[in-house]
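Chain and residue survey
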Amino acid sequence: MLAAMITDVDRDWLARAVDLARQALDAGDEPYGSVLVGADGTELFADHNRISGGDATRHPEFAIARWAAGNLTAQGRADAVVYTSGEHCAMCSAAHGWVGLGRIVYAASSAQIGRWRAELGHPPAAVNAIPVQDVVPGIVVDGPDEEQGARVKELVARMPR
Ligand SMILES: [Zn+2]
């Protein structure tokens, strides 16, 4: 599917997602944050990575899918946009697809983050990086964004090895 364009409004939401990623890092979690925005342009739900407690599935995109399933109509989910600091992993892409959420805008791609982590000497991730479009057919995805992606890169560089 053709990607739309990342607008100034999108960039503001991406900045919010990256702010959440920084909060996660400061709390001892991995630097990933995500925001769910409704069709009317209001923030519906936001979260950041919470894996420091030992549950490696506590990703914000997964939390958003679960929240959306319990709180939005099918149409509301389809019309909502998920802004996220880093592209969904395969688990979160699947959750996004299963609950029928709409467009995804990310600051940095999984491929970029994987490359940065490797350059910094982090061990390979436990799950392969698969583009969202390869998990969810027909999904509209926009990213990466140069400015907010650079902020994500700085956060990844601050991660403990
Ligand atoms: Zn994930």
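Further up the page is the structure itself.
Bear in mind the structure is a predicted one, so any value in this text is a computation, not a measurement. (Residues numbered from 1 in each chain as written. Predicted model: local features only at pLDDT ≥ 70, side-chain atom pairs only at ≥ 80, totals over all residues. Heavy atoms only, no water.)

**Things to note about the packing of aromatic side chains**
- For the structure on display, the rule yields two aromatic pairs.
- Taking the centre distance of 6.2 Å and the plane angle of 25 degrees together, the rings of Trp 13 and Tyr 83 count as stacked. Here Trp 13 is found in helix H1 (residues 8-26), whereas its partner Tyr 83 is found in strand S3 (residues 81-86), with 70 residues between them in sequence. The exposure classification of Trp 13 matches that of Tyr 83, with both residues buried.
- Its end group placed over the ring of Phe 62, Arg 66 keeps NZ or CZ at 4.7 Å from the ring centre. (Phe/Tyr/Trp six-rings, centres within 6.5 Å; stacked < 30°, edge-to-face > 60°. Helix = DSSP H or I, 4+ residues; strand = E, 2+ residues; numbered from the N terminus. Buried < 20%, exposed > 50% of the residue type's maximum accessible area, 1.4 Å probe, protein only. Lys NZ or Arg CZ within 6 Å of the ring centre and 35° of its normal.)

**With respect to the pairing of strand S4 (residues 104-108)**
- The buried count for S4 comes to five of five residues, which makes it a mostly enclosed element.
- Where S3 lies against S4, four bridges are found, and the strand directions are parallel. For Tyr 83, the partnering residue across the bridge sits in S4 and is Val 105.
- With helix H4 (residues 90-99) bridging S3 and the parallel S4, this β-α-β connection has right-handed handedness.
- The sheet contact formed by S4 and strand S5 (residues 141-142) spans two bridges and is parallel. (Pairing = 2+ DSSP bridges. Right-handed = clockwise from strand over helix to strand, strands pointing away.)

**Here's the deal with the coordination of the zinc ion**
- The coordination sphere of the zinc ion, as far as protein atoms go, consists of His 59 (ND1), Cys 89 (SG) and Cys 92 (SG), spread over 2.0 to 2.3 Å.
- Ordering the donors of the zinc ion by residue number gives the pattern H-x29-C-x2-C. (Donors = N, O, S within 2.8 Å, 3.2 Å for Na, K, Ca; no water.)

**A word on unusual backbone geometry**
- The omega torsion across Gly 143 and Pro 144 is 0 degrees, close enough to zero to call that bond cis.
- Among the secondary structure elements, Pro 144 is positioned in the loop between S5 and helix H7 (146-158).

**Considering the sheet that holds strand S1 (residues 33-37)**
- Strand order in the open sheet formed by five strands is S2-S1-S3-S4-S5, with mixed pairing between adjacent strands. Edge positions in the sheet fall to strand S2 (43-48) and S5, since each of these pairs with one other strand and no more.
- Strands in contact with H1 are S1, S2, S3 and S4; relative to S1, the strand with the most contacts, it is inclined by about 140 degrees. (Contact = heavy atoms within 4.5 Å. Axes fitted to C-alpha atoms, helices over the stretch in contact; angles between N-to-C directions.)

**Remarks on the nonpolar core**
- Residues Tyr 83, Ile 113 and Val 152 are the most contacted members of the largest nonpolar core, which totals 22 residues.
- Secondary structure elements with two or more residues in this core: H1, S1, S3, S4, helix H5 (110-119) and H7.
- Sorting elements by how many residues they give to this core places H1 first, with seven residues.
- With near-sequence residues (within four places) excluded, Ile 113 lies in contact with Tyr 32, Gly 86, Ala 108, Val 152 and Val 156.
- Of all hydrophobic cores here, the second largest spans 12 residues; its members include Leu 36, Phe 62, Cys 92 and Val 99. (Core = buried A, V, L, I, M, F, W, Y, C linked by side-chain atoms within 4.5 Å.)

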